[in-house]
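Topology and contacts: notes
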Amino acid sequence: MSALALRTGAINLGQGFPDEDGPAEVLAEAQRAIAEGVNQYPPGIGYPILREAIAAHQERWYGIRLDPGREVLVTAGATEALAAALLALVDTGDEVVTFEPWYDAYAALVARAGGIHRTVPLRFPDWRPDPDELRRAVTDRTKIILLNAPHNPTGAVFDRATLELVVELAERHDAIIVTDEVYEHLVFDGPHTPLASLPGAFERTLTISSGGKTFNTTGWKIGWITGPAPLITAVLAVKQYLTFVNGAPFQPAIAVGLGLGDEVFAAMRDRMRGKRETLVAGLRAAGFDVARADAGYFAVADAAPLGGHDAVAFCRTLPERAGVVGVPVTAFVHPERRSEVGSLVRFAFCKRDEVLAEAASRLAGLG
């Protein structure tokens with residue numbers, strides 16, 4: 001869809017990357033590091049300054065205390081952390097449970113690891129999982145419960161009862177929990193609750209995040225994974241043969257970002273909330289039904305009121321009709337569930353205000 005946007009000149013609300021820079025302090029630190037020669041291989045587990053900043057961040061925001069030398073691993077973005085964790089911990093035939101729709105890397109990584117992908121459906125428009133369906137999905141065959149929270153593509157934030165049920169089921173069936181929390185600082189109403197902070201969770205939980213979504217530095221690919229030392233050691237054994245290391249001058253820059261004041265994080269969250277409101281208002285004015293997006297970069301809209309019962313066909317023609325690109329939610333589900341989400345489209349609101357206003361104006365012509 002990004003290629004389609006480029007070819008047609010349409011506004012790209014498909015792929016989730018910002019079009020404006022993050023905090024000046026973060027960018028300046030990367031420039032300083034490059035100028036001062038921080039351009040060679042960093043340590044395999046990441047520079048101490050970043051590992052210490054990640055540990056300090058987890059304690060500051062969530063009260064989770066980590067040993068930065070044994071329980072923190074820097075990765076090439078969250079996606080490498082996910083890949084290394086699944087390749088390290090999943091054997092052929094092991095089951096991995098996720099919610100569905102899912103972030104698009106999940107199914108491919110589970111398959112590459114030789115696992116079996118089991119899912120629990122989230123349904124438009126409230127995206128709340130059915131506890132009984134979650135209980136049925138997690139069994140003694142489950143090796144990993146992979147939880148994207150806050151959730152992409154839906155923007156859902158799961159309540160504490162859902163998180164506690166995940167912990168309960170993991171304990172009952174001796175499963176490992178892997179959480180993907182890259183939108184942790186973009187929760188629009190109320191604080192983020194990391195699953196690892198719940199009673200009984202830490203010893204079986206790997207937590208993944210990154211600096212890309214928080215600091216508008218998606219191209220730097222600086223992520224991390226934290227958790228109990230034995231699990232981190234297992235992930236490192238795989239990670240060192242994937243990228244080995246990455247992003248030397250960007251690591252101290254992200255460390256600076258993690259140490260910024262609370263007001264900086266609040267301002268970034270509030271700006272993104274405003275962008276959500278601009279896009280959602282534009283989508284509704286155009287005639288879409290729009291689900292609530294509680295966090296992240298994306299809003300999901302139902303194109304059926306506009307005759308878009310086939311979201312794939314709708315998205316392929318949308319650039320010509322309205323000069324805007326979105327992504328059909330069918331890209332994030334198994335084939336047998338495509339009919340359930342067949343008219344749903346994901347739009348990104350992590351763009352400049354003037355771009356979102358123009359997109360809303362263009363979409364208004366669909367009504």
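The rules behind the values
- Residues numbered from 1 in each chain as written.
- Predicted model: local features only at pLDDT ≥ 70, side-chain atom pairs only at ≥ 80, totals over all residues.
- Heavy atoms only, no water.
- UniProt positions renumbered as here; feature names shortened; annotations may be inferred.
- Axes fitted to C-alpha atoms, helices over the stretch in contact; angles between N-to-C directions.
- Helix = DSSP H or I, 4+ residues; strand = E, 2+ residues; numbered from the N terminus.
- Parallel < 35°, antiparallel > 145°, perpendicular 65-115°, else oblique.
- Left-handed = near helix turned anticlockwise from the far one by under 90°.
- Contact = heavy atoms within 4.5 Å.
- Nonpolar A, V, L, I, M, F, W, Y, C, P; charged D, E, K, R; others polar.
- Salt bridge = Lys/Arg side-chain N within 4 Å of Asp/Glu carboxyl O.
- Buried < 20%, exposed > 50% of the residue type's maximum accessible area, 1.4 Å probe, protein only.

Looking at an unreviewed UniProt entry, the chain carries the name Aminotransferase class I/II-fold pyridoxal phosphate-dependent enzyme, with the source organism given as Agromyces archimandritae. Turning to the chain, the UniProt record has this under Cofactor (unreviewed entry): "pyridoxal 5'-phosphate". On record in UniProt, under Sequence similarities (unreviewed entry), the comment for the chain is "Belongs to the class-I pyridoxal-phosphate-dependent aminotransferase family."

Between helix H2 (residues 24-35) and helix H10 (residues 250-258), whose axes approach to 8 Å, the crossing angle comes to 150°. Between H2 and H10, the interaxial angle falls into the category roughly antiparallel. Here H2 runs over H10; the crossing is right-handed. Contacts from Glu25, Val26, Glu29, Ala30 and Ala33 in H2 reach Phe250, Pro252, Ala253, Val256 and Gly257 in H10. Residues belonging to the contact of H2 with H10 are distributed by class as follows: seven nonpolar, one polar and two charged.

This brings us to the pattern of salt bridges. Here the structure, examined in full by the defined rule, presents 26 salt bridges. Taking the shortest distance from any N to any O, the salt bridge between Asp189 and Arg292 comes out at 2.9 Å. Here Asp189 is found in the loop between strand E6 (176-180) and strand E7 (205-210), whereas its partner Arg292 is found in the loop between strand E9 (289-290) and strand E10 (298-302), with 103 residues between them in sequence. Since its relative accessible area comes to 48%, Asp189 is described here as partly exposed. One salt bridge in this structure joins Glu354 and Arg352, with 3.0 Å as the shortest N-O distance. The class of Arg352 is partly exposed, set by a relative accessible area of 31%. Because the salt bridges share partners, they merge into one network encompassing Arg128, Asp189, Arg292 and Asp294.

Attention shifts here to the environment of Gly211. Topologically, Gly211 is positioned in the loop between E7 and helix H8 (212-215). Relative accessible area serves as the criterion here: at 0%, Gly211 is assigned to the buried category. Sequence spacing of Gly211 and Phe188 is 23 residues, and the spatial spacing of their C-alpha atoms is 18 Å. Among all residues touching Gly211, those that are not within four sequence positions of it are Asn216, Thr217, Ile222, Trp224 and Ile254.

Moving on to the UniProt feature "domain: Aminotransferase class I/classII large" (unreviewed entry) in the chain. Here the UniProt feature "domain: Aminotransferase class I/classII large" (unreviewed entry) sits at residues 10-363. Taken end to end, residues 10-363 is 40% helix and 16% strand, and its first and last C-alpha atoms sit 11 Å apart.

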